[in-house]
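Here is what each chain is made of, one letter per residue.
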Amino acid sequence: MNLIYNEVEVLDKLLNEGKCDIKKDLLINILIKYYYANGIENNLDIREKILETLYKIDSTATRNVWTGCTQGKIERMVSAIKKGDVPLELFEVSDVDIYEEELKIIESASQVRYKKFLFILLVWAKVYKKCYRTVIKEEPSFLLKKSKCKSGNDDYRMDLLGELRELGFIEANYINDKCNIKINYLKEEGEIAFTVDDIENAIYYYLNWKGEKWIKCSECGKYFKKPKSKANNIRYCRDCSKQIELKKASERVKKCIKKQGSEV
């Protein structure tokens with residue numbers, strides 16, 4: 001993933017818990033904006049603050065390693081911030097609205113894989129738009145995985161993009177080995193069909209809209225397909241249900257043993 005759309009959450013986790021799950025170069029972008037916004041505008045001072053922060057999450061790296069990764073990036077990004085080319089605000093995209101008209105266009109596609117992929121492209125286009133980006137800059141393999149479609153090899157992915165381009169759904173090209181995708185069916189307003197508030201698992205919203213029954217496990221957070229024989233209020237996936245039942249059984253045994261002991 002090339003776009004970090006939850007920068008506020010990432011920064012909060014880093015500063016308060018010392019944890020970071022994203023690529024180092026993407027983290028540095030967030031830190032540059034954070035320190036610049038807090039009144040540190042000199043490139044060298046920003047670098048020192050970033051180095052201090054990076055050491056906290058990886059004290060094994062040498063100063064030369066960190067410095068080489070930050071110096072040029074800081075200079076370029078601070079210059080872009082001063083020119084107004086890079087927004088200073090930290091992004092926090094929590095949800096996107098999907099319109100009926102957008103879904104109608106997606107449903108006009110002839111193949112299921114087209115539809116699923118086009119939906120994920122729509123979601124990410126909206127996320128990118130909220131982060132002031134006009135095109136999606138993600139690898140097609142990443143987007144195909146998000147759509148629960150076969151990702152295939154480079155030829156397969158290029159053929160798929162070419163087909164959707166010929167059909168008029170998208171515009172796509174490669175620049176410096178990175179794929180830029182612009183969709184032609186994003187609407188500025190309309191009747192809301194549903195709101196996606198779990199960006200990483202957006203495809204399940206579409207599948208549910210199509211009539212499938214996918215549920216987010218209340219315990220582990222993974223999505224699972226609702227078994228036909230189960231009640232509508234099912235909350236846990238199979239694995240979590242087993243663990244919960246085992247825990248309940250263990251607690252019942254403990255209570256029973258404790259009760260027997262008190263009666264002796």
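Check the entry above for the structure.
Residues numbered from 1 in each chain as written. Predicted model: local features only at pLDDT ≥ 70, side-chain atom pairs only at ≥ 80, totals over all residues. Heavy atoms only, no water.

### Section: the packing of aromatic side chains
Taken as a whole, this structure holds 10 aromatic pairs when the rule is applied. Between Trp124 and Phe142, the ring centres sit 5.4 Å apart and the planes meet at 75°, which makes this aromatic pair edge-to-face. Of the two residues, Trp124 is situated in helix H6 (residues 112-130) and Phe142 in helix H7 (residues 140-146); the sequence distance between them amounts to 18 residues. Comparing Trp124 with Phe142, the two get one shared label, buried. Taken together through their ring pairs, the aromatic side chains of Phe119, Phe194, Tyr206 and Trp209 make up a single cluster. Directly above the aromatic system of Phe91 lies the positively charged group of Lys33, at a separation of 4.2 Å from the ring centroid. (Phe/Tyr/Trp six-rings, centres within 6.5 Å; stacked < 30°, edge-to-face > 60°. Helix = DSSP H or I, 4+ residues; strand = E, 2+ residues; numbered from the N terminus. Buried < 20%, exposed > 50% of the residue type's maximum accessible area, 1.4 Å probe, protein only. Lys NZ or Arg CZ within 6 Å of the ring centre and 35° of its normal.)

### Overview of a negative patch on the surface
Together, Glu9, Asp12, Glu17 and Glu92 make up a region of like negative charge exposed at the surface. Within the secondary structure, Glu17 is located in helix H1 (residues 7-17). (Patch = residues over 30% accessible without salt bridge, like charges linked within 9 Å, V, L, I, M, F, W, Y side chains within 5 Å. Areas by Shrake-Rupley, 256 points an atom, 1.4 Å probe, with all protein chains shown as cover. Salt bridge = Lys/Arg side-chain N within 4 Å of Asp/Glu carboxyl O. Lys, Arg positive; Asp, Glu negative; His and termini not counted. Charge placed at Lys NZ, Arg CZ, Asp CG, Glu CD.)

### Some points on the nonpolar core
In terms of nonpolar packing, the biggest core is built from 47 residues, with Phe119, Leu121 and Ile170 touching the most fellow members. Counting residues per element, this core draws most heavily on H6, at 12 residues. With near-sequence residues (within four places) excluded, Phe119 lies in contact with Ile98, Leu103, Ile106, Phe194, Val196, Ala202, Ile203 and Tyr206. Leu14, Leu27, Met77 and Val78 belong to the second-largest nonpolar core, a separate cluster that totals 19 residues. (Core = buried A, V, L, I, M, F, W, Y, C linked by side-chain atoms within 4.5 Å. Contact = heavy atoms within 4.5 Å.)

### Quick word on helix H5 (residues 100-107)
Every α-helical turn comprises 3.6 residues, leaving residues that sit three or four positions apart pointing alike. Looking only at H5, the buried set comprises Glu102, Leu103 and Ile106. Take H5 and look down its axis: the buried residues cluster within an arc of 95°, on one side only. Buried residues along H5 sit in contact with strand S1 (96-99), H6, strand S4 (192-196) and helix H9 (203-209). (Arc of directions from axis to C-beta.)

### Let's talk about unusual backbone geometry
Leave glycine aside and you will find that most residues have negative phi; peptide bonds, for their part, are mostly trans. Non-glycine residue Tyr132 carries a positive phi angle of around 65°. With respect to the helices and strands, the residue Tyr132 is situated in the loop between H6 and H7. Assessed through its relative accessible area of 55%, Tyr132 is described here as exposed. In this structure, Lys148 is a non-glycine residue whose phi angle is positive, near 60°. Within the fold, Lys148 resides in the loop between H7 and helix H8 (154-166).

### Some thoughts on the environment of Tyr236
Residue placement: Tyr236 occurs in the loop between strand S6 (223-225) and helix H10 (238-263). Between the alpha carbons of Tyr236 and Cys217 there is a distance of 4.6 Å; along the sequence they are 19 residues apart. Setting aside residues no more than four positions away along its own chain, Tyr236 makes contact with Cys217, Ser218, Glu219, Phe224, Ser241 and Ile244. In terms of polar contacts, Tyr236 uses its side chain to reach the side chain of Arg235, at 3.5 Å. (Polar contact = N/O pair within 3.5 Å; in protein donor to acceptor, adjacent residues only side chain to side chain.)

The analysis is restricted to geometry; functional conclusions fall outside its scope.
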